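Structural features, examined
Next come the chains, spelled out residue by residue.
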Amino acid sequence: MSLPHNPSWVTRTDHLLAPDCERVVARIFLPGQELIASGESRASAILERVLTLTSEEVDAQLVELETVFKGRHRNLHEIWQQHFAMLEHRLVATGRLSVAQRALIGAYFTQEYSIEGAALFNPSIVAHPNQSDLAQGSTRFVMTLRAVGEGHISSIEFRTGVVDVDNTIMFDPAPQYSTQPMGTPIMFSRLSFEHQINDMGGDKTNSDFVLESLPEFFSRRDLDRALDELRKQKLTRGSAVRTIDRFEWIAAGTYGLEFAEDVPLQERVIMPKSPAEKNGMEDVRMVEFQSDNESRKYFGTYTAYNGQQIASQLISTTDFNNFTITQFTGPGSLNKGMALFPRKIGDSYYALSRADRESNGIACSNDLRHWEEVVLIQTPHLSWEIVQLGNCGSPIETRDGWLVLTHGVGPMRQYAIGAMLLDLNDPTLVLGQLSQPLLTPSADERSGYVPNVVYSCGALLHNNTLVLPYGCSDTDTRIALVDLDALLENLRISSPQQAISISA
C-alpha cells in the first residue's frame, strides 16, 4: 500500500536538525554501577588509589584534563567539585585535601554523556517569552526536542530562532555547551499527594494519618515531620513502611529546576531526575497557556518512563529559566500522549488523551493535576490509521474551531500526520476530519532508528501559516509549512465523527 501524495498546500523546508554526538553533559560516574547487572560501586578502592598520587602527578593530570575537556563544558571545575562532594562521605579527614586533589577526585568520578548520541526528534514549538526587537510580522520561537543518548535515555532540549513575515525560518547558532539546571525547593500540594496515593491504592488509614497533619501546601520539612510521626508508630501500624515509601516516591517526582540566567536557552538540557522518569522524559508537548493576567505561562505534558512503567507528567515555566515538575493522576492521564488545550473552556482545563492506547479522547480537570474519565472522540477507521491514533500536540484555536493535528499508524507500522477540527465551546464535538494525511514520510525520511515515522509534538500558528516541526523515523527533525486556509477548507468539507463516552 502507498499513501497518497501530500497535498500541495503542505511545503517542506530545507531545515534539518540532526543528532550531534559532540553535545555532551558531565554526569556522576560510579565505576561498577554502569553495568546492566548493577553491583556495588568500586568508589572506595579508587579513592585510595587516587590519594597515593603525588602533588606533581595531581597537577599534571589536571592540566591535561583541562586541555582536553575545558572547551566541551561550562564551569568544568565546578562540576568536579560537585561530584567530589557526592563522594566526600567516603573519606576521612577531607580537610587535609588540597583544592587540586578534590578536583581530581571529582574528575575520576565524572563521565561525559552524549545526550544526542542516538536521536534528536519529536519537537514542539511555541512563541518565545521575549518578542522584543523583531521586524514586523516576525515571531521568535522556542522549540523543545527529545534527545536520546546511550541506554535510550531521553532528555529535553531547546532550540530558538525566528520565523519572519515571509515564513523564512532562521535558527539561532547551535550552542557550544550543554548545561543542566540546579534543583530548587518547591511547595507540595496536599490534594495532589492525596490523588496520587489514591491511584496507588494501599493502606488508606496510614495515608490519611500523614495527609491530615499537612497543610494545603507544604514544604519538604513539613513532609519529613509527618513521616517521622508515622515511623514512630510503625510497630502498631501495619504497612507503615510501604506508606512512607510511597510518599517519598511522590515527593521525588515533584521538584523544581533553575538554570543560571547567563546560560543561553538553546544550551539548557533537562535530564531525568525522579525515579518515575529515570529512563526518560519523552515527547514534551509544550503549549503557551492563556492565563488571566498578561504574563506568559507555558505547560508541557510528557511521558515519564522508568524502564518498566510510563506515567504522564507536567513541566511548567514562565521564562524557560525556572521549571516545576509535577505528576498527573486520574483515569484521563493514563498512557502516553496527553496534550493540554491552550486555555480553560468554561471553568475547566481540557486535554487530549489517549487513555485507551489507540483512540483520541478528551479529558477534563479542575486543578490541572487530576484528570477525570475520558470522552472518546475519534477511533481508528481509516486505512492509514487502523493500528492506532494519537495527537501531534496541543490544539490550536482558529476561527473555525480547535485545530488538532493527529497521527495515525497503518500497515508496516507507517506513521502519518492528519488533522481534525473540534467545536470551540464543546471540544467533544468533532466538526471535521481529514480523510487523507497531510504529511507522510518522504523517501529520504523513511530510514532511521524507527523507520517510516513522521511525528510532531506541536505546531505554531504564525500569521496564516502553520509551522509544523516533525520528527523523522525517530532520528532527526525537519519542518513543514501548512497553509491554514487550505487546511481549514478541507476540514470543513470532511465528514464529522460522533463523540462516544469511553467505557473502562
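Residues numbered from 1 in each chain as written. Predicted model: local features only at pLDDT ≥ 70, side-chain atom pairs only at ≥ 80, totals over all residues. Heavy atoms only, no water.

**As for the nonpolar core**
For clarity, the cut-off: To form a nonpolar core, buried Ala, Val, Leu, Ile, Met, Phe, Trp, Tyr and Cys residues must be joined to one another through side-chain atoms within 4.5 Å. Accessibility here uses a 1.4 Å probe with only protein chains present; expressed as a share of the type maximum, an area under 20% marks a residue as buried, one over 50% as exposed, and anything in between as partly exposed. Secondary structure elements are taken from DSSP: a helix is a run of H or I of four residues or more, a strand is a run of E of two residues or more, and numbering for both begins at the N terminus.
Counting residues in each nonpolar core, the largest one holds 25 residues, and the members touching the most others are Leu403, Leu438 and Leu487. Those elements that provide at least two residues to this core are β23 (401-409), β24 (415-422), β28 (465-472), β29 (476-483) and α9 (484-492). Counting residues per element, this core draws most heavily on α9, at five residues.

**Some thoughts on empty space enclosed by the protein**
Which entries qualify depends on this criterion: Cavities and pockets are found on a 1 Å grid laid over the protein atoms alone: a cavity is a set of points where a 1.4 Å probe fits but cannot escape, a pocket is an open set with protein on both sides within 12 Å along at least five of seven lines, and a lining residue has an atom within 4 Å of such a point. Grid points are joined across faces, edges and corners, and a volume is the space filled by probe spheres set on the points. Side-chain classes follow a simple rule in which Ala, Val, Leu, Ile, Met, Phe, Trp, Tyr, Cys and Pro form the nonpolar group, Asp, Glu, Lys and Arg form the charged group, and the remainder, Gly included, forms the polar group.
Here the structure, examined in full by the defined rule, presents one cavity of 30 Å³ or more. Empty space within the largest cavity amounts to approximately 40 Å³. As for the largest cavity, its lining consists of Glu282, Asp283, Arg285, Thr301, Tyr302, Thr303, Ser312, Lys336, Gly337 and Met338. Elements with a contribution of two residues or more to the lining of the largest cavity: β13 (280-289) and β14 (297-305). For the lining of the largest cavity, the class distribution of residues is two nonpolar, four polar and four charged.

**Some details on helix α7 (residues 220-232)**
Put simply, the rule reads: To estimate how far a helix should extend, the number of its residues minus one is multiplied by 1.5 Å. The directions from the helix axis to the C-beta atoms form the arc being described. We call two residues in contact whenever any of their non-hydrogen atoms come within 4.5 Å of each other.
Between its first and last C-alpha, α7 extends 18 Å over 13 residues, near the 18 Å set by a 1.5 Å rise per residue. Every buried residue of α7 is accounted for by Asp222, Leu223, Ala226, Leu227 and Leu230. Buried residues along α7 cover an arc of 125 degrees about the axis, so they all sit on one side. Pointing more than 90 degrees away from the buried face of α7 are the exposed residues Arg221 and Lys232. Where α7 is buried, its residues touch α5 (190-200), α6 (204-211), β10 (217-218) and α8 (240-252).

**Describing the packing of helix α3 (residues 76-87) against helix α4 (residues 99-108)**
For the record, the criterion: Helix axes are fitted to C-alpha atoms over the stretch in contact, other axes to C-alpha atoms as well, and angles between N-to-C directions run from 0 to 180 degrees. Each angle is binned into one of four classes, with values under 35 degrees roughly parallel, values over 145 roughly antiparallel, values of 65 to 115 roughly perpendicular, and all other values oblique.
In contact at an axis separation of 7 Å, α3 and α4 are set at 80 degrees when each is read in the N-to-C sense. Here α3 lies roughly perpendicular to α4, going by the angle between them. Contacts from His77, Trp80, Gln81, His83 and Phe84 in α3 reach Val99, Arg102, Ala103, Ile105, Gly106 and Ala107 in α4. Grouping the amino acids of the contact of α3 with α4 by side-chain chemistry returns six nonpolar, four polar and one charged.

**Description of the pattern of salt bridges**
Any two side chains of opposite charge can pair, on the condition that their charged atoms come close. The test is simple: A pair is scored as a salt bridge if a Lys or Arg side-chain nitrogen falls within 4 Å of a carboxyl oxygen belonging to Asp or Glu.
On inspection of all chains with the given rule, the structure shows 24 salt bridges. It is possible to trace a salt-bridge network through shared partners that takes in Arg220, Asp224, Asp228, Arg231 and Glu248.

**With respect to the confidence of the model for the protein chain**
What counts is decided by this rule: pLDDT gives the predictor's per-residue confidence on a scale running from 0 to 100.
Across the protein chain, the average pLDDT comes to 92, with 95% of residues at 70 or higher. When the criterion is pLDDT under 50, residues 498-504 qualifies, and its contacts beyond four places in sequence or with other chains add up to 12 contacts.

**Some remarks on the layout of surface pockets**
Taken as a whole, the largest pocket encloses approximately 1500 Å³ of empty space. If you trace the largest pocket, you find 39 residues lining it, with Ala26, Arg27, Ile28, Gln180 and Met271 closest to the centre. Looking at the lining of the largest pocket, the elements that each hand over two or more residues are β2 (24-28), α3, β3 (110-114), β8 (182-184) and β11 (255-258). Classifying every residue of the lining of the largest pocket gives 18 nonpolar, 13 polar and eight charged.

**Digging into the packing of aromatic side chains**
Worth spelling out the cut-off: Only centres within 6.5 Å qualify two rings of Phe, Tyr or Trp (six-membered ring in Trp) as a pair; their planes then separate them into stacked at under 30 degrees, edge-to-face at over 60, and tilted for everything else.
The tally for this structure, following the rule as stated, stands at 16 aromatic pairs. A ring pair is formed by Tyr298 and Phe320, whose centres lie 4.8 Å apart and whose planes are at 55 degrees; its orientation type is tilted. Of this pair, Tyr298 sits in strand β14 while Phe320 sits in the loop between β15 (310-317) and β16 (322-327), placing them 22 residues apart in sequence. The two residues Tyr298 and Phe320 agree in class, both being buried. With a centroid separation of 6.2 Å and an interplanar angle of 70 degrees, the aromatic rings of Tyr415 and Tyr455 are classed as edge-to-face.

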